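# Examination of the molecular architecture
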Amino acid sequence: MVNARDLQGPADLHTHSSVSDGTETPTQLMRAAGAAGLETIALTDHDSTAGWAEAAVESRRQGITLLPGMELSTRYEWRSVHLLAYLVDPSNGALVQETAKIRASRLSRAEGIVARIGGDYPLSWDDVLAQTREGATVGRPHIADALVALGIVANRGEAFDGILHPRTGYYAPHYAPDPLTAVRLVRAAGGVPVIAHPVPAGRDRMLPESYFRELADAGLFGLEIDHRENTEEGKVVVRRIAAELGLVATGSSDYHGTGKPNRLGENTTALDVVARIVDEATGSAPVLPD
Ligand code: AMP
Ligand code: FE
Ligand code: FE
Ligand code: ZN
C-alpha cells in the first residue's frame, strides 16, 4: 500500500517525449521536470513504452518519482479518444501486439498523408523522417515539424489549423481500438486506465454519458479533468460524471516540449489520487528517486 505521504508533489501525470511527439528526449524531459519543480511525473508517450528505461535513469537522478505510462490511441465512432494507461506491464503480450498494430498503422497513414501533401507542396517522406527519432510513434506533429523546417508553416499550431486539419483533404485516420476494448486491455496488463482530456471543444466530441458508465463497469479508473483542452462547461459535466461513477479526477499538463504551449505542472493531480493509482496497479511499480 502506497501512502500519499510517501509521495511528493506537485505531480504531473501526462507528458510526452521524443519517443512520440514531444520535442525532448526522455532524459531532457526529466531534467525539465526537475527544473520546473515537479516531484512526481508520468511519462505517457503515444502508444509506446520505449522511453521508460531512459526516463527512469534521469528521474532518479533528479529526485523525481516516475510513473511509467502510455497514452493509448482509441476511437469511438469518428471521435479520437486518448486513454492514459499508468503502470502497465510493458511486456504484456496483448498490449505489445495492439500498440505495435497502432504504430504500424500510424506509419502507413502518415506516409499516405505526406504523399498527398507532396502533390501540392515540396514535402517528402525523408523530410518527416528527419524530424522523427528512430522507433518513435509517428504522428501528424512530425509532419508539422517537417512543414516548419521547410518554411511552409510557422509552427505546429498553424500546420494543424491548415494543412493537417481533416477538412483540408490530406488527412486520413489510423487504426485504433475502441475505448472499451482499450480499457480491458490496459486492465489485463495490470495498468490503470484514465480517459485523457475527456471534454475538448467541438460539437459532440465528448463520449455519450451512457458509454462512460460502460467504461467504468469495464475498469476505467479516472478522468483527466484539469487539462487545458477541456472546456470549462465540460469540466462541470465530467466532474459530476466522475462523482456518480466513482472515478478519480486527475490534472496534467500534456507537455510536448516546444511542440505545444502546455507547460509542465500547469495542472497537477492530488497526491491521494496518485496513491490510489499506484495502489490499483499490478503491472509495474513507480520508479522512486535515489
Ligand atoms: P495524430 O495522433 O497523428 O492524429 O496527431 C495528434 C497529435 O497532435 C496529438 O497527440 C496532439 O498532441 C498533437 N496536436 C494536436 N493539435 C495540435 C496543435 N494545434 N498544435 C500542436 N500539436 C497538436
Ligand atoms: Fe501528442
Ligand atoms: Fe491526448
Ligand atoms: Zn497527450
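For the structure, see preceding data.
Bear in mind that the values here come from a model prediction, so they are computed numbers and not experimental data.

### Quick notes on the packing of aromatic side chains
- Under the counting rule described, the total for this entry stands at two aromatic pairs.
- Here the aromatic rings of Tyr121 and Tyr170 are separated by 6.4 Å at their centres, their planes lie at 70 degrees, and the arrangement is edge-to-face. Of the two residues, Tyr121 sits in the loop between helix H3 (93-118) and helix H4 (125-129) while Tyr170 sits in the loop between helix H6 (156-161) and helix H7 (179-188), which places them 49 residues apart along the sequence.
- A residue is classified by how much of its surface remains accessible, and Tyr121, at 30% relative accessible area, is partly exposed.
- You can call Tyr170 buried: its relative accessible area is 11%.

### Describing the site of ligand 1
- Around ligand 1 sit 14 residues, and of these His46, Arg106, Arg109, Arg140 and His256 come closest.
- A distance of 3.3 Å separates an oxygen atom of ligand 1 from a polar side-chain atom of Asp21.
- In this structure, His256 approaches ligand 1 through a side-chain N or O atom, which is 2.9 Å from an oxygen atom.
- Coverage of ligand 1 by the protein chains reaches 80% of its 490 Å² of free accessible surface.
- Considering each element in turn, the shell around ligand 1 owes the most residues, three residues, to H6.
- Along the lines of polarity and charge, the residues of the shell around ligand 1 split into two nonpolar, six polar and six charged.

### With respect to H7
- Among all positions in H7, only Pro179, Leu180, Ala182, Val183, Leu185 and Val186 are buried.
- Here the buried face of H7 lies against strand S3 (65-76), strand S4 (79-86), H3, strand S5 (192-195) and helix H8 (209-217).
- Capping the start of H7 is the job of one residue whose side-chain oxygen sits 3.1 Å from the backbone nitrogen of Leu180: Asp178.
- Residue Gly190 follows H7 closely and has a positive phi angle near 80 degrees.

Thresholds, definitions, all that
- Residues numbered from 1 in each chain as written.
- Chains lettered and ligands numbered in written order.
- Predicted model: local features only at pLDDT ≥ 70, side-chain atom pairs only at ≥ 80, totals over all residues.
- Heavy atoms only, no water.
- Phe/Tyr/Trp six-rings, centres within 6.5 Å; stacked < 30°, edge-to-face > 60°.
- Helix = DSSP H or I, 4+ residues; strand = E, 2+ residues; numbered from the N terminus.
- Buried < 20%, exposed > 50% of the residue type's maximum accessible area, 1.4 Å probe, protein only.
- Near = heavy atom within 4 Å.
- Polar contact = N/O pair within 3.5 Å; in protein donor to acceptor, adjacent residues only side chain to side chain.
- Areas by Shrake-Rupley, 256 points an atom, 1.4 Å probe, with all protein chains shown as cover.
- Nonpolar A, V, L, I, M, F, W, Y, C, P; charged D, E, K, R; others polar.
- Contact = heavy atoms within 4.5 Å.

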